[in-house]
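Tertiary structure, described
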Protein chains: 2
Amino acid sequence: MKEKRNIFEELDPIFHPRSVAILGASGKKGKVGRLFMERFMEAGFQKLYPVNPRQKEVLGVEAFPALTAIPSPVDLGLILTPPAEVIAAVKECAAKGVKGIIITTAGFGERGEKGKELEREIARIAREGNARVIGPNCLGIYCPSSRLPFPQGPGMESGSVGIVSQSGSFADHLALAGTTKGIRFSKGISSGNECDLGAIDFLEYLGEDPDTEIIILYLEGIKEGRRFYLLAREITKRKPIIAWKSGTTEAGARAAASHTGAFAGSRHLWDAVFRQTGMISVHSLEEVMDCLSLLYFQPLPRGRKVGIITGPGGPAVGTADACLDLGLEVPPFCEETKKKLQKIIAPVGTSVGNPVDMSIAAAIDPDVYGNVIRILGQDKNVDMLLVIGNGGKIFDRAIIEAMGELQKPLAVAIILPFELVMQDFKLLQGSSVPVYTDPRRAVNALAKVVGCVDRRAGFRSGSGPL
Amino acid sequence: MKEKRNIFEELDPIFHPRSVAILGASGKKGKVGRLFMERFMEAGFQKLYPVNPRQKEVLGVEAFPALTAIPSPVDLGLILTPPAEVIAAVKECAAKGVKGIIITTAGFGERGEKGKELEREIARIAREGNARVIGPNCLGIYCPSSRLPFPQGPGMESGSVGIVSQSGSFADHLALAGTTKGIRFSKGISSGNECDLGAIDFLEYLGEDPDTEIIILYLEGIKEGRRFYLLAREITKRKPIIAWKSGTTEAGARAAASHTGAFAGSRHLWDAVFRQTGMISVHSLEEVMDCLSLLYFQPLPRGRKVGIITGPGGPAVGTADACLDLGLEVPPFCEETKKKLQKIIAPVGTSVGNPVDMSIAAAIDPDVYGNVIRILGQDKNVDMLLVIGNGGKIFDRAIIEAMGELQKPLAVAIILPFELVMQDFKLLQGSSVPVYTDPRRAVNALAKVVGCVDRRAGFRSGSGPL
């Protein structure tokens, strides 16, 4: 089944089309055809051809009654038409000589055998026309560098994160969530029912894509288990993969079948796959974002030893627990570190052990955070830092300044209610500091990322300070 | 060791003092003595006596050189003085005949044997004066109904949630986090090093307190295991207890020893205690808040069967997984439910199974959420509802209206980035809808709360619609 080698050469042009035709484009409010038109126009995509037999122009752009009526070549056909018109639209695309066909329309394999038969026909027609198909039942491709948008409009700056997702809403939401936190993407692919190209093909593509350094994978089920396994094992040596495999319970598998028609596979099997391939296994969008923020903004840790720095003493205990629960270590500091800490931290109601508990002093003079970060930055017993505090401008600035010199990953947890410290999140994220609403979530992200370390041989280190 | 019965009669006056003296009150910026003065004044506490030999008035309130110089009786003494002056202050309090002494000052048992000896002396002096001690190394008492504040100023409206915490910052942060989300508290106690009164005493007190319906417990270590066990087992029959036991790992226990001097105990032991007493076991402030929101705002579920309603299809699969992972069921609906759903949900790209996947229709007409909630409200196979969506005013309103008639607990997860949907959180929380940033967190809270069901005999149902 495997496409012989040059998957990159075959797929890359689909991600960089010179022209796109939208079959089913519309000017009517509430229509998907309008939503995509608006997004492409906002994204600034240039050669856009709306196709609609009943409209002469769509949102001010000249429309064509059929694909064949477009005088110029078309590289990518985006099919938004009702299910009954999809086969005809695919035929048009094949006849026009497009390289890629995206079918967003649902109502195929996920509805049963008849739909699967239609999918096979779509794939056959496309193959005869030398076109590749993405979908049906998907949201297509997001590629900021070539102005291809996702429906929620996550922004068009390019970055280093690639998404492959069998769920359109996951890909779209992740791109939006990441953008909101200052993370930028290379490519996003919603692969849907995968009648032709599948998640594994796109994983292979992103593995070879020089613009992609971190890969996020959302899978409901896959068809070529062995190919996937070998590919993932190979890619994780160069690029971290954060993967969410859903549909691993009976209820989840049932939902997956009606969602994208996927066959899901057992939890145990997948646990083994994650362990052996070195992918980071996660179970929610929030967990994806928690891990991604760390991978994207910070260097990889050299080991699993955490130095914990906290202002309020309370979180010290639970955070140390969380580290040990989740497979990290909270080692004693070097003697020299303790001596340095004793010089800047009051003797009473505090601790210069690990966790460092600065107590009320930190609330009164948050600059002490910066000094403690600098001291632990020098301690060879510490591979990464977790800073816990109440936020505030001085706190934020102290951390951002200290991070500039730091050669280790750093994560911050602000324990006041998010509603009250949103400005801190904005400021810190804007300076490449991954910041969490709860220390346990930060610990979880650190622990998951440590899993990459053994495979890091050729990893580049995100946009972090290294 | 157990105080003979009337713990309620003994402790309740400490929570409702007619007058408070603040030993170490100060007008100087950055001093704890000023912080507490400001909070008491903001809270509107009336008979407040600052005690400071070097200031004639503090923030406009007449100050006294010593407790004994106060002409009126004093019910509660709050000691903020440096460690070396604490014993003298306790003696003053005992001589003055106060009922309760709160010692916030740190530097006692958590620093070793010498500190523990001092704590025994404090307890002895207080006992001779018939006073009870809270602390040292604590933040004291929060009691909105009698205008006793916590340092972060969480607000002074009364509610039904009581907090007992060996960490001051946990109690203070939880009260603030809860207040931000519309949750109101009866009492909060930071018990610190517990040289006299301990967490178990306060747990017993809240168990008997008619104003407290839900109890939150943060423990680092306890001294009277059997008393605690029997008490918790008895209280959970009437009031749910959400408990975080920290210091259960080696690193956590080490941190606890330097934080409040507590002896922590093993994880396995505590797992058994939670199971047998029916307390809800959690491991982070975020998890406390997730569970509390549900308990506070919603009725208890009658069983473990969840009906999942989602707009975007993607979250259906992972959410169903999460339910099964965490011990809930995602049952098929009754035939009648399916028929009703088919009438209001388009046939293509959707599912009228469980999860209900409404697809893009829900984005275009969020009113459909309300109708689906009403239908599942009638299905006897469904004990509770989890609604997943993108937020928006129509979405929020549809849910709030439908919840009015619902006799089952309902939780909402909004999957857009929190920064973009804060208004939805505010609106929904303001109408007693517990709302989460990720479906998995909502599922976790539902699953934890289901653990209460077997013990619910006499539970009242929060402020929910039942």
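Worth saying up front: this structure is predicted, and the values here are computed from it rather than measured.

1. Observations regarding unusual backbone geometry
Cis peptide bonds are those with omega within 30 degrees of zero, and the linkage from N354 of chain A to P355 of chain A qualifies with 5 degrees. When you line up the elements, P355 of chain A lands in the loop between α12 (335-344) and β15 (356-357). Phi at N130 of chain A is positive, roughly 60 degrees, even though this residue is not glycine. Structurally, N130 of chain A is set in the loop between α4 (113-128) and β7 (132-134). At N137 of chain B, a residue that is not glycine, the phi angle is positive and equals roughly 65 degrees. Examined against the element boundaries, N137 of chain B turns out to sit in the loop between β7 (132-134) and β8 (140-142).

2. Describing the interface of chain B and chain A
Facing the 64 residues of chain B at the interface are 64 residues of chain A. Of all elements in the fold, only α5 (168-180), α8 (250-259), α10 (285-297), α11 (314-325), α13 (360-364) and α16 (418-430) of chain B reach the threshold of two or more residues within the side of chain B that touches chain A. Here the side of chain B that touches chain A takes 11 residues from α11 of chain B, the largest share from any one element.

3. Here we look at the sheet that holds strand β9 (residues 158-165) of chain A
Residue and element names in this part refer to chain A. Judged by pairing direction, the sheet is mixed, and its 6 strands sit side by side in the order β8-β10-β9-β11-β12-β13 without closing on themselves. Each edge of the open sheet is held by one strand with a lone partner, namely β8 (140-142) and β13 (280-281). Two strands pair when backbone bridges link them, and strand β11 (residues 214-219) and strand β12 (residues 241-245) are joined in this way by 5 bridges, in the parallel orientation. Counted as the bridge partner of I216 is I242 from β12.

4. As for the nonpolar core
Counting 309 residues, the largest nonpolar core has L446 of chain A together with L446 of chain B as its most contacted members. Once residues lying within four places of it in the same chain are set aside, the contact partners of L446 of chain B are L294, V306, L328, M384, L386 and A411 of chain B.

5. Let's talk about the domain arrangement of chain A
Reports of interface size often rely on the accessible area that becomes lost once the parts have come together. Residues and elements named next belong to chain A. Once the domains are mapped, chain A shows domain 1 (7-134), domain 2 (140-296) and domain 3 (299-453). For domain 1 versus domain 2, the distance between C-alpha centres works out to 23 Å. Across the contact, 27 residues belong to domain 1 and 25 residues belong to domain 2. Mapped by element, the contributors of at least two residues to the side of domain 1 that touches domain 2 are α1 (7-15), α2 (32-43), α4 and β7. Looking at the side of domain 1 that touches domain 2 residue by residue, the classes come out as 18 nonpolar, 4 polar and 5 charged.

What counts, and where the lines are drawn
- Residues numbered from 1 in each chain as written.
- Chains lettered and ligands numbered in written order.
- Predicted model: local features only at pLDDT ≥ 70, side-chain atom pairs only at ≥ 80, totals over all residues.
- Helix = DSSP H or I, 4+ residues; strand = E, 2+ residues; numbered from the N terminus.
- Contact = placed C-beta atoms within 7 Å.
- Pairing = 2+ DSSP bridges.
- Core = buried A, V, L, I, M, F, W, Y, C linked by C-beta atoms within 7 Å.
- Buried ≥ 20, exposed ≤ 12 C-beta atoms within 10 Å, placed from the backbone.
- Domains from an automatic or database assignment.
- Nonpolar A, V, L, I, M, F, W, Y, C, P; charged D, E, K, R; others polar.

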